[in-house]
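Structural overview for review
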Amino acid sequence: MAKTWLSINVELLGGGGTELWPRPGRTFAVGPSHTFEDLAEAINVAFARWDHSHLSVFTLSDGRMLTDGFNGPELGNTAFGPIQEVLDFARVKVARTVKAGDEFKFTFDLGDDWTHHCTVDRTKVDPLEVLGIKPAKPLAYWGWGSMPDQYGRRWADDDGSAAPPHEPPEPHPMVRGDWPNTVEIPLVDDAVVRAATASKDADRLLSAISGSTIDEALQQLGAGVSMALEQRQERAEPIALSMVNRLTFRAFPGDSELAEALLAMLRREPSPGLDLDIDVEMLSAVHEGMIDESTGGYIDLETGDVVDAAAVEYGDSGDDIDLENDPDRWLGFARSETREAWEDMSAFIDRLREPALRERGQNVIEGKGAFRRFKSFVDDHDLLDRWRLFSEDRKFGRARVLLAQIDISVI
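Conventions used here
- Residues numbered from 1 in each chain as written.
- Predicted model: local features only at pLDDT ≥ 70, side-chain atom pairs only at ≥ 80, totals over all residues.
- Heavy atoms only, no water.
- Helix = DSSP H or I, 4+ residues; strand = E, 2+ residues; numbered from the N terminus.
- Buried < 20%, exposed > 50% of the residue type's maximum accessible area, 1.4 Å probe, protein only.
- Contact = heavy atoms within 4.5 Å.
- Areas by Shrake-Rupley, 256 points an atom, 1.4 Å probe, with all protein chains shown as cover.
- Phe/Tyr/Trp six-rings, centres within 6.5 Å; stacked < 30°, edge-to-face > 60°.
- Lys NZ or Arg CZ within 6 Å of the ring centre and 35° of its normal.
- Axes fitted to C-alpha atoms, helices over the stretch in contact; angles between N-to-C directions.
- Left-handed = near helix turned anticlockwise from the far one by under 90°.
- Nonpolar A, V, L, I, M, F, W, Y, C, P; charged D, E, K, R; others polar.
- Patch = residues over 30% accessible without salt bridge, like charges linked within 9 Å, V, L, I, M, F, W, Y side chains within 5 Å.
- Salt bridge = Lys/Arg side-chain N within 4 Å of Asp/Glu carboxyl O.
- Lys, Arg positive; Asp, Glu negative; His and termini not counted.
- Charge placed at Lys NZ, Arg CZ, Asp CG, Glu CD.
- Pairing = 2+ DSSP bridges.
- Polar contact = N/O pair within 3.5 Å; in protein donor to acceptor, adjacent residues only side chain to side chain.

1. Focus on the overall build of the protein chain
Helix and strand content of the protein chain: 15 helices and 14 strands. Principal-axis analysis of the C-alpha atoms places the extent of the protein chain at approximately 110 × 55 × 35 Å. Taken over 411 residues, the protein chain has a buried fraction of 40%. Restricting to contacts in the protein chain with at least 6 residues of sequence separation, those with at least 24 account for 65%. For the protein chain, the accessible surface area stands at approximately 23200 Å², while carbon and sulfur atoms represent 50% of it.

This is the structure we're talking about:
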């Protein structure tokens, strides 16, 4: 689009008996069809006026005035100063009246006289270039300074006589990032997620996710969201993309692997590595030590089954497992370390929003007896459900890292 729109700088000189310095201002893109009435409305909106019932008047350098058709005749009948032509600003186009380098005045509210200095830039603009759109009315594309309230009020009940209210001791929750209050938003129900995933009920799964807090369960949602993408692609895609962003930002163990697999599905590309149907939940349980005596487990590279090493050692795994004569079929892995469980507690505490609660939790996990004290901590602060979900998610992530290390792809 050609550069055919005017660029008009508008600076607020003062009003209400005060002169402003530095002067706040805005730069407007004004199209060939826009009237002075359109420009007046754009200025009043951009300069934070909420009561638009007052008069708006433009004064050109040759003395002509532009205002609404009702008040125009009265302004023209003034008994003071030179005779002035008053035009209806709803009919007069800006681009046909002023040109590059021209100056004119805009006054809002003839009682308080909010006076603006308007200048037309010497270079025209393309609205698509400076705004990204072609607006129906003039629109500001640049600005600076703080706008005063048109009545000089500093707070809602300011009558000019009372002292300002005391500033709150704490920042607003929206400033702190604590709004909306995620404590009041329910955690995703992992039992419903598992049931919906097992029954391949995409609608039930997506309904369970929507409106719930999922950041403590991203790993556990992988298989279900994958299924939903196959069945309800249009509804599931925004959720999958959100999960990719959340996983990338969170960056826990296994998060990048799951994000990569989801992106491959969204792009309809094959996932990297051997595609094997493995129950990540079962792998996670064995990897974390489902049996106290366990030292790890084995993955069946033909079927994807996961077997605990303790079951093999005690002969409880069935007759079809022969590690000695069929070694290429079974891939062994070691049990996770205790240190990883402590890191789960630390990561959970770091994500608590309340600074005092976070500091208390950090003290709890230092030194001997950390696990016992942490259990009491989550009980005392009603965090048990959130911790259970978070802990399981970390275990799922470690299982996914284990699979990635042996070049197995699974969602």
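Following the structure, the description resumes.
2. Comments concerning the environment of L128
With respect to the helices and strands, L128 occurs in helix α3 (residues 127-130). Each C-alpha atom of the pair L128 and K3 lies 9.4 Å from the other, and the pair is 125 residues apart in sequence.

3. Notes on the packing of aromatic side chains
Under the definition given, this model contains 12 aromatic pairs. Look at F36 and F104: their rings are 6.1 Å apart centre to centre, the planes differ by 80°, and that puts the pair in the edge-to-face class. Of this pair, F36 sits in helix α1 (residues 36-46) while F104 sits in strand β7 (residues 103-108), and the two are 68 residues apart along the sequence. Comparing F36 with F104 shows no difference in burial state: the two are buried. Residues F252 and F390 carry aromatic rings whose centres are separated by 5.7 Å and whose planes lie at 90° to one another, so their mutual orientation is edge-to-face. Within this pair, whereas F252 is found in the loop between α8 (233-250) and α9 (255-266), its partner F390 is found in helix α15 (residues 384-405), the two being separated by 138 residues in sequence. Overall, F252 belongs to the buried group, its relative accessible area being 16%. Joined through ring pairs, the aromatic side chains of F252, F348, F374, F377, W387 and F390 make up one cluster. Here R394 stacks its cationic end above the ring of F252, 4.5 Å away from the centre of that ring.

4. Notes on unusual backbone geometry
Between W21 and the following residue, P22, the backbone shows a cis peptide bond with an omega angle of -5°. If you trace the backbone, P22 turns up in the loop between β2 (18-19) and β3 (25-30). Backbone geometry at D113 places phi at a positive 50°, although glycine is not the residue there. Following the sequence through the fold, D113 ends up in the loop between β7 and β8 (114-120). Phi at K200 takes a positive value of approximately 55°, unusual for a residue other than glycine. For K200, the position within the fold is in the loop between α5 (190-198) and α6 (202-209).

5. Points about the packing of helix α12 (residues 338-350) against helix α14 (residues 370-380)
Close contact between α12 and α14 brings their axes to 11 Å; oriented N to C, the two are set at 35°. In terms of crossing hand, the pair formed by α12 and α14 is left-handed. In this structure, α12 uses T338, A341, W342, M345, F348 and I349 to contact α14, whose residues at the interface are A370, F371, F374 and V378. Residues of the contact of α12 with α14, tallied by class, amount to nine nonpolar, one polar and no charged.

6. A look at a negative patch on the surface
On the surface, a cluster of negative charge is made up of D275, D277, D279 and E281. Residue position: D279 is located in the loop between β10 (274-275) and α10 (280-288).

7. Description of the sheet that holds strand β12 (residues 306-308)
Overall, antiparallel pairing links the three strands, which are arranged β12-β11-β13 in an open sheet. Looking along the sheet, the strands with just one partner apiece sit at the ends: β12 and β13 (330-334). Averaged over all adjacent pairs, the angle separating strand axes in this sheet is 25°, with direction ignored. Direction of pairing for strand β11 (residues 296-300) relative to β12: antiparallel, over a ladder of three bridges. Within the sheet, the bridge partner assigned to Y298 lies in β12 and is V307. Contacts from α10 reach β11, β12 and β13 within the one sheet, and its direction differs from that of β12 by about 25°.

8. Brief notes about helix α7 (residues 222-231)
In terms of burial, α7 is largely enclosed, as seven of its 10 residues are buried. Summarising the contacts, the buried residues of α7 are in contact with α5, α6, α8 and α9.

9. Quick look at the environment of R335
As for its position among the elements, R335 is in the loop between β13 and α12. It is 9.5 Å that separates the C-alpha atoms of R335 and A309, two residues lying 26 residues apart in sequence.

10. Looking at the pairing of β7
Relative to β7, strand β4 (residues 56-60) runs antiparallel, the two sharing five bridges. Looking at β7, one finds that V57 is bridged to T107. As paired strands, β7 and β8 are joined by six bridges and run antiparallel to one another. Opposite F108, over in β8, you have W114 as the bridge partner. The antiparallel hairpin formed by β7 and β8 contains five residues in its connecting segment, where D109 sits at a positive phi of about 65°.

11. Some thoughts on the side chain of S7
Along the chain, S7 turns up in strand β1 (residues 6-15). Note on S7: relative accessible area 1%, which makes it buried. Here the side chain of S7 touches Y141 through a polar contact of 2.5 Å, side chain to side chain. Non-local contacts of S7, meaning those with residues more than four positions away in its chain, are made with T27, F28, T119, V120, D121, T123, V125 and Y141.

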